[in-house]
Amino acid sequence: MIDQLYNPGKKYITFISFQLLVNSMSMNITRKIISSHLAEGEMIPGREIAITIDQTLTQDATGTMAYLQFEALDIPRVKVPLAVSYVDHNMLQAGFENADDHRFLQTFAFKYGIYYSKPGNGICHQVNLERFSKPGNTMIGSDSHTPTGGGAGMLAIGVGGLDVAVVMGGAPYYLKMPIVVGVKLSGKLKPWVSAKDVILEMLRQCTVKGGVGKVFEYYGPGIATLTVPERATITNMGAELGATSSIFPSDDVTKEFFRMQGRLEDWREISADDDAEYNEHIEINLDELEPMIAKPGSPDAVVKVSEVEGTLVQQVIIGSCTNSSYKDLMIVAEALKGKKVNQDVSLHITPGSRQVLETIIRNGALADMVSAGARIMETTCDGCIGLGSSPPSNSVSVRSFNRNWEGRSGTMDDSVYLASPEVCVAAALNGKITDPRKLGEYPEIVWPDTFVADDSMIISPSDNPDSVEVIRGPNIKPLPKAKPLSSDLEGKILIKLEDGISTDCIMPAGPKILPLRSNIPAICEFVFSQVDADFPTRAKEMQGGFIVGGENYGQGSSREHAALAPMYLGVKAVIAKSFARIHKANLVNFGILPLEFAGPAGYDAMEQGDVIRFSRVRELIESGATALPVKVGTNTIECTLDISDRQREVILAGGLLNYTKMKHS
Ligand code: MIC
Ligand code: SF4
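Quantities reported herein were computed from a predicted structural model and do not represent experimental measurements. (Residues numbered from 1 in each chain as written. Chains lettered and ligands numbered in written order. Predicted model: local features only at pLDDT ≥ 70, side-chain atom pairs only at ≥ 80, totals over all residues. Heavy atoms only, no water.)

(A) The arrangement of the overall build of the protein chain in detail. The helix and strand inventory of the protein chain stands at 24 helices and 27 strands. For 665 residues, the compact-globule estimate of 2.2 N^0.38 gives 26 Å, and the protein chain sits close to it at 24 Å. Once the C-alpha set of the protein chain is aligned to its principal axes, its extents read approximately 70 × 55 × 55 Å. Relative to its full complement of 665 residues, the protein chain shows a buried share of 63%. Across the protein chain, every contact between residues at least 6 apart in sequence was considered, and the portion connecting residues at least 24 apart equals 77%. About 23,400 Å² of surface is accessible on the protein chain, with carbon and sulfur atoms providing 49% of the total. Here the protein chain contributes 63 positive and 79 negative side-chain charges, whose respective centroids are spaced 2 Å apart. (Helix = DSSP H or I, 4+ residues; strand = E, 2+ residues; numbered from the N terminus. Rg over C-alpha atoms; globule rule 2.2 N^0.38 Å. Buried < 20%, exposed > 50% of the residue type's maximum accessible area, 1.4 Å probe, protein only. Contact = heavy atoms within 4.5 Å. Areas by Shrake-Rupley, 256 points an atom, 1.4 Å probe, with all protein chains shown as cover. Lys, Arg positive; Asp, Glu negative; His and termini not counted. Charge placed at Lys NZ, Arg CZ, Asp CG, Glu CD.)

Written out as structure tokens, the structure reads:
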């Protein structure tokens, strides 16, 4: 039995002692938090470090697998100070599968020392911000939008489920020491311009791969004008920059948020030193921003709303973990008050949490929405992950969400735009994309003195875990096992893909596929199903092989199924121009080699169906080689393996689960 994965005797350095330690040096917030949690390594950008983790977060769609993996470690109780399991994604329950998963998650949490947020309590990131965030804490979550917590001064990082499992077992979390980008905000947002426009502007400037290996740290006089949920909109969608995380200081504005949440005791000030240094700089003058919108296909296809004004709209959705806070929905309610939604538009509104929902029920705002003709959805991810609310064929949908890759909505030929709640409500009222500044005076929001702080839908772990039985339904299948890497790898290129392939493309979601997240043999049948439905059959017939990808391969979600399912189908390596951070780590975690082309000619020299061969690959990896040549016919193409020494051992062991068990048995 593995009892303790990580340095049992060592006490974590507390925040206070760390403050003493670093008082003499000038540091930014990111470095302060990392330094207070540093378990291994040096804080040199690009080097692997390990940090201790204060909180873990899972949601149901990634959580079932993460908990099965935790179970495989054979540890009786989680070892992180706080672990919370949320149910917010798979809420359709069109069959027993999702409900069975919820029951599994609830009983598992009860037994193993995890808090459980019941379905209906809200979207994980919104609820976490409201009820569990703590400035200065570190958090990892098996969802790419975990950095939402950065709005409250946490260093919160999205990771694969297996990383969460291992950390819950007591290990530190390993990551590359990030480059810290200082984003100076000055000025104040003009009426009808909102936090979403700040992050859309960041995406316009930096693109979806501009944040890989970086933490975006916001500072400057402009931040005092943004509330915590507004800051969280910005840190949430920092995931779309490919960033490791994004963070705001914890100041008086944060203090007020904690007071309104009835959690003042959890607040503490966190600020960068006056002369703190950043590796890179960006400056945004909030006064100069205008309403922005991301055009269909990618969150970074950002233009000013005025550039696409007049485009007819058939659907509008306001919600998701990016924009479903009290302020977001109050602006919408006020704009809708006394008016009617355009007859050709279906307006869906998804409050982010039960707290938000209850508050707008009690103050009457929900009545204004209903009376205007809005469809009120449950507090879930809903249309954001294509679990309902799919738009009609060949239609335009404007959403306050964070992602708009082709097919994610469940409708292949739609056109999804991403924008602020302000832009969304203007489109809903006018039936076309409209600059919200034309709606008249910006509504004055009345804030309650305190928020409804009712945690009755959060279930605490059992005091008597031995008596708790974990209940699993028939859709929960045993974990597939990976084999250690062989020395010579040979096989066909099963598929060649272009730049920007998202995990939604590799392993789609939606109502048919999401319920299979705890059934790997079944979910495998859908790998690449939107672009190449024969892929699983081909991979099985050829007993596995290789994937060739372009830039930023695996961008988007943290879903480890985009690595786990290909592993099950026998994929041994993915060779790409570059990788997104979380997906690269997930590939390693499941024993798949993430290789990058060393030069521009490599990608062009490979075609689907080509037989490729790596020789002595184990030896090369063991020796620390970064260059891994591959034979394609008579040509030799140079590939690069840019992973840490620890990750080399993980690959050789056949994945993180095997590695962890080997190391600690
Ligand atoms: C997403 O927004 O794509 C998801 C669904 O929340 C994913 C997690 C998942 O696939 O379960 C994410 O962002 O990590
Ligand atoms: Fe849910 Fe969408 Fe947020 Fe993912 S991005 S957690 S699907 S609301």
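Past the structure itself, the notes keep going.
(B) Broad picture of the sheet that holds strand β2 (residues 48-51). Sheet architecture is open: three strands sit in the order β1-β2-β8, paired in antiparallel fashion. Either end of the sheet is taken by a strand with one partner, and the two such strands are β1 (38-40) and β8 (173-176). The average angle at which neighbouring strand axes cross in this sheet is 45°, direction not considered. Direction of pairing for β1 relative to β2: antiparallel, over a ladder of two bridges. By the bridge assignment for β2, Leu38 is matched with Ile51. Against the sheet, helix α2 (residues 29-37) contacts β1 and β2, and its axis sits at roughly 55° relative to β1. (Pairing = 2+ DSSP bridges. Axes fitted to C-alpha atoms, helices over the stretch in contact; angles between N-to-C directions.)

(C) Highlighting the site of ligand 1. Close to ligand 1 lie 14 residues, the nearest being Asp143, Ser144, Arg517, Ser558 and Arg559. Arg403 places a polar side-chain atom, nitrogen or oxygen, 3.0 Å from an oxygen atom of ligand 1. Considering ligand 1 on its own, with 330 Å² of exposed area, one finds that the protein chains cover 97% of that surface. Residues belonging to the shell around ligand 1 are distributed by class as follows: two nonpolar, seven polar and five charged. (Near = heavy atom within 4 Å. Polar contact = N/O pair within 3.5 Å; in protein donor to acceptor, adjacent residues only side chain to side chain. Nonpolar A, V, L, I, M, F, W, Y, C, P; charged D, E, K, R; others polar.)

(D) Region of the structure containing the packing of aromatic side chains. According to the stated counting rule, one finds 16 aromatic pairs in the structure shown. When the centroid spacing of 4.2 Å and the interplanar angle of 25° are considered together, the rings of Phe108 and Tyr112 count as stacked. Residue Phe108 and its partner Tyr112 are located together in helix α4 (residues 96-112), separated by four residues, close to a single helical turn. Its relative accessible area of 1% is what places Phe108 among the buried residues. Directly above the ring of Tyr603 sits Lys496, whose terminal nitrogen or CZ lies 4.2 Å from the centroid. (Phe/Tyr/Trp six-rings, centres within 6.5 Å; stacked < 30°, edge-to-face > 60°. Lys NZ or Arg CZ within 6 Å of the ring centre and 35° of its normal.)

(E) Inspection of the side chain of Gln315 at higher detail. Mapped onto the elements of the fold, Gln315 is located in strand β15 (residues 315-318). Residue Gln315 is classed as buried on the basis of its relative accessible area of 3%. At a separation of 2.6 Å, a polar atom in the side chain of Gln315 contacts the side chain of Ser397. Apart from the residues within four sequence positions on either side, Gln315 is in contact with Val345, Ser346, His348, Ser389, Ser390, Pro391, Val396, Ser397, Val398 and Arg399.

(F) View of the state of the cysteines. For the structure shown, the criterion picks out zero disulfides. Between Cys206, a cysteine without a disulfide, and Cys321, which holds the nearest cysteine sulfur, the sulfur-to-sulfur distance is 20 Å. Accessibility expressed as a relative area gives 16% for Cys206, which makes it buried. Cys505 forms no disulfide, and the closest cysteine sulfur to it belongs to Cys524, at a distance of 16 Å. (Disulfide = S-S within 2.5 Å.)

(G) Summary view of helix α12 (residues 354-362). Among the residues making up α12, those that are buried are Arg354, Gln355, Val356, Glu358, Thr359 and Ile360. Check the buried side of α12 and you find it contacts α5 (124-132), α11 (326-336) and α13 (365-372). Once α12 finishes, Gly364 follows within two positions and takes phi at roughly 90°, a positive value.

(H) How the structure looks around the site of ligand 2. In the vicinity of ligand 2, the contacting residues are His89, His125, Asp143, His145, Ser320, Cys321, Cys381, Cys384, Ile385, Asn402 and Arg408. For the shell around ligand 2, the per-class residue count stands at four nonpolar, five polar and two charged.

(I) Geometry of the sheet that holds strand β27 (residues 635-640). Read around the closed barrel, seven strands run β21-β22-β23-β24-β27-β26-β25, paired in mixed fashion. Taken pair by pair, the neighbouring strands of this sheet meet at an average axis angle of 40°, ignoring direction. As defined by bridge partners, strand β21 (residues 489-496) adjoins strand β22 (residues 545-549) across three bridges and the pair is classed as parallel. Residue pairing for β22: Ile495 is matched across the bridge by Ile547.

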